[in-house]
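Structural description and commentary
What follows is each chain in one-letter form.
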Amino acid sequence: MRIYLSSTYTDLVTHRAAVARLLRQMGHEVIGMEEYVAEGARPLERCLKDVDDADLYVGVFAWRYGFVPPALAARQSITEAEFRRAVGKRPLVFLLDPQAAWPVQHIDAVSGTPEDAAAVKRLREELATQWLAGFFSTPEDLARQVSAAVYRREVTDRLDSISAAPGLTESLMAGGPIADTTLMSLQQSLVQSPELRVLTVDLRDGHYWWSTRLFFLATVAGEIAGTRLLVFTEDGDRYLGAATTATVRERLAGMSVPLRQFIEQCRLQAVDAMDLARSLDQRAALWNQLVPQPVEEAARSFVTARDLRRWLGDDLLTQAATQDGDAVSTSLLRAIVDWPHPFVPITQAGRLRKVVARATVADNLARIFVGSLDRMRA
């Protein structure tokens, strides 16, 4: 990653060197004021462009406010301007511990102007209260904290980038006679997104999905689209649990003779999975033949959260991997690796956040680990 290291200079030169050295050992490119002629001569436009071009911003703040370009309409130091520019990048912020010993010549409240003293006090208070800032005391302490935070961010970004493909919306299989369902929309979705390995089913308030339509979705999506996991929610994104398409199909078929007959005929009448549109037409025709509207009306019931738990029992995976905020903890990674299915739902405060592929997470973590070993040997 390209990391922009922002701070005042003369008071933090040793700290900057410790941080930059460790980040480069981790394989990152570090951009900072060392590349400029002098602290006071830094062109603001160049600094802000470097912030824009960086993948990550690291801000280090002690007791100096820094150089204020006279051309700015509002009084603001380059260091603060860099931070303001980086807000959208989820900046990593570190503050000198108020209890740490510090040379008086590097404290604006003692040796600086009243304006700078007030400005750095204001900025530090904002950073301490509105951002998850780390507090450091020595160059080594700062370097350790920065490297750990950068590593967590790197893992987080990898995790965010491997979310499983989104599934079909529940509106495609809403209740009502089969002739009135939007099978064309289902067909179009399968054609446009043929690798729907994970689908999300929102039960809403428990008076929306019919058991027969859930069965049809599990059967057809599993056979034609290769769907392996259904993730159930209610009221939008409140997580209820997850189950394989095979489990949902077999459990629901066990409650109805026509549904069992549908499965048996599907096994006897294979479809060409490469021709998704034609395959879905064939399955819809078979459904209308074996489960006409009067038969379906006699067999169907609304799917509530309670019914789902009763029908699926222990095969409903109600425990997901949990994540707090954007942090990627060891417990989260362990939960992902230990989850019993290749695709893992991740929740936050009981709400479904995303679904990740367990193998991809493990592969990315292994790549990061091996890369760090290679850099240590170099």
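Look above for the structure.
Residues numbered from 1 in each chain as written. Predicted model: local features only at pLDDT ≥ 70, side-chain atom pairs only at ≥ 80, totals over all residues. Heavy atoms only, no water.

1. Comments concerning the overall build of the protein chain
For the record, the criterion: Each helix corresponds to a stretch of at least 4 residues labelled H or I by DSSP, and each strand to a stretch of at least 2 residues labelled E; elements are numbered beginning at the N terminus. Three exposure classes are used, based on accessible area relative to the maximum for each residue type with a 1.4 Å probe and protein chains only: buried under 20%, partly exposed in between, and exposed over 50%. Note on definitions: a residue-residue contact is assigned when non-hydrogen atoms from the two residues lie within 4.5 Å. Areas reported here follow the Shrake-Rupley algorithm with a probe of radius 1.4 Å; residue values treat only the protein chains shown as occluding.
In terms of regular secondary structure, the protein chain is built from 15 helices and 11 strands. Sorting the 378 residues of the protein chain into buried and exposed places 49% on the buried side. The contacts in the protein chain between residues at least 6 apart in sequence include a share of 73% that link residues at least 24 apart. For the protein chain, the accessible surface area stands at approximately 18,100 Å², while carbon and sulfur atoms represent 53% of it.

2. Brief notes about helix H11 (residues 276-290)
Applied cut-off: An expected span of 1.5 Å times one less than the residue number is assigned to each helix. To be clear, the arc concerns the directions from the helix axis to the C-beta atoms.
Taking 1.5 Å per residue as the helical rise, H11 with its 15 residues ought to reach 21 Å, and the 21 Å between its terminal C-alpha atoms agrees with that figure. Along H11, the residues classified as buried are Leu-276, Ser-279, Leu-280, Arg-283, Ala-284, Leu-286, Trp-287 and Leu-290. Projected down its long axis, H11 carries its buried residues within an arc of 160°, all on one side.

3. Brief notes about the nonpolar core
Inclusion rule: Residue types Ala, Val, Leu, Ile, Met, Phe, Trp, Tyr and Cys, when buried and joined through side-chain atoms within 4.5 Å, form a set referred to as a nonpolar core.
Residues Leu-214, Phe-232 and Val-248 are the most contacted members of the largest nonpolar core, which totals 38 residues. Sorting the residues of this core by element identifies strand E6 (198-202), helix H8 (211-225), strand E7 (229-234), strand E8 (238-244), helix H9 (245-253), helix H10 (257-268), H11 and helix H13 (305-312) as the ones contributing at least two each. With eight residues, the top contributor of residues to this core is H8. Leu-23, Val-30, Ala-62 and Leu-92 belong to the second largest nonpolar core, which has 25 residues in total.

4. Describing the packing of helix H3 (residues 78-86) against helix H5 (residues 114-130)
We apply this condition: For helices, the fitted line uses only the C-alpha atoms of the stretch in contact; every axis is such a line through C-alpha atoms, and the angle between N-to-C directions lies from 0 to 180 degrees. Should an angle fall under 35 degrees it is called roughly parallel, over 145 degrees roughly antiparallel, and 65 to 115 degrees roughly perpendicular, with every other angle called oblique. Put simply, a crossing is left-handed when the front helix is turned counterclockwise from the back one by less than a right angle, and right-handed when it is turned clockwise. The classification used treats Ala, Val, Leu, Ile, Met, Phe, Trp, Tyr, Cys and Pro as nonpolar, Asp, Glu, Lys and Arg as charged, and all other residues, Gly among them, as polar.
Axis separation between H3 and H5 bottoms out at 12 Å; the angle between their running directions is 25°. Put simply, H3 runs roughly parallel to H5. Considering how the two elements wind past one another, H3 and H5 form a crossing that is left-handed. Side by side, H3 and H5 meet where Glu-80, Phe-83 and Arg-84 of the first sit next to Arg-122, Leu-123, Glu-126 and Leu-127 of the second. Split into classes, the residues belonging to the contact of H3 with H5 amount to three nonpolar, no polar and four charged.

5. Notes on empty space enclosed by the protein
Leftover empty space is mapped by rolling, across the atoms, a probe with the size of a water molecule. What counts is decided by this rule: Buried and open spaces are told apart on a 1 Å grid over the protein atoms alone, a cavity being a set of points where a 1.4 Å probe fits but cannot get out and a pocket being an open set with protein on both sides within 12 Å along at least five of seven lines. Residues with an atom within 4 Å of a point are the lining residues. Grid points are joined across faces, edges and corners, and a volume is the space filled by probe spheres set on the points.
Tallied over the entire structure, the rule returns two cavities of 30 Å³ or more. Each pocket or cavity is described by its volume, and for the largest cavity that value is around 60 Å³. Elements that contribute at least two residues to the lining of the largest cavity include exactly strand E3 (56-61) and H5. The element that contributes the greatest number of residues to the lining of the largest cavity is H5, accounting for three residues. For the lining of the largest cavity, the per-class residue count stands at seven nonpolar, three polar and two charged.

6. Quick word on unusual backbone geometry
Here Arg-90, not a glycine, exhibits a phi torsion of approximately 55°, which is positive. Counting through the fold element by element, Arg-90 comes out in the loop between H3 and strand E4 (92-96). The phi angle at Asp-235 is positive, at roughly 55°, despite the residue not being glycine. In this fold, Asp-235 is placed in the loop between E7 and E8.

7. Side note on the environment of Ala-284
With respect to the secondary-structure elements, Ala-284 resides in helix H11. Along the primary structure Ala-284 and Val-220 are separated by 64 residues, whereas in three dimensions their C-alpha atoms are 9.2 Å apart.

8. Comments concerning the sheet that holds strand E2 (residues 29-31)
What counts here: Here, strands pair whenever DSSP counts at least two bridges between them.
Read across the sheet, five strands follow the order E2-E1-E3-E4-E5 without closing on themselves; strand pairing throughout is parallel. This sheet does not close on itself; its edge strands, each paired only once, are E2 and strand E5 (134-136). Here the average twist between neighbouring strands, direction ignored, is 25°. On top of the sheet, H3 reaches strand E1 (2-6), E3 and E4; it is set at about 145° to E3, its chief contact.

9. Some details on the environment of Tyr-151
Structurally, Tyr-151 can be placed in helix H6 (residues 139-160). Taking the C-alpha atoms as reference points, Tyr-151 and Met-26, 125 residues apart in sequence, are found 8.9 Å from one another.

10. A few points about the pattern of salt bridges
Our working rule: Throughout this description, the term salt bridge denotes a Lys or Arg side-chain nitrogen within 4 Å of a carboxyl oxygen of Asp or Glu.
Throughout the structure, instances matching the rule amount to 19 salt bridges. Of the charged contacts, one joins Asp-50 and Arg-46 as a salt bridge, the two residues approaching to 3.2 Å between their closest N and O atoms. Taken together, the residues span about one helical turn, with Asp-50 and Arg-46 both in helix H2 (residues 44-53) at a distance of four residues. In this structure, Asp-315 and Arg-251 form a salt bridge, with 2.5 Å as the shortest nitrogen-oxygen distance. With Asp-315 in the loop between H13 and strand E9 (321-322) and Arg-251 in helix H9, this pair connects stretches of sequence that are 64 residues apart.

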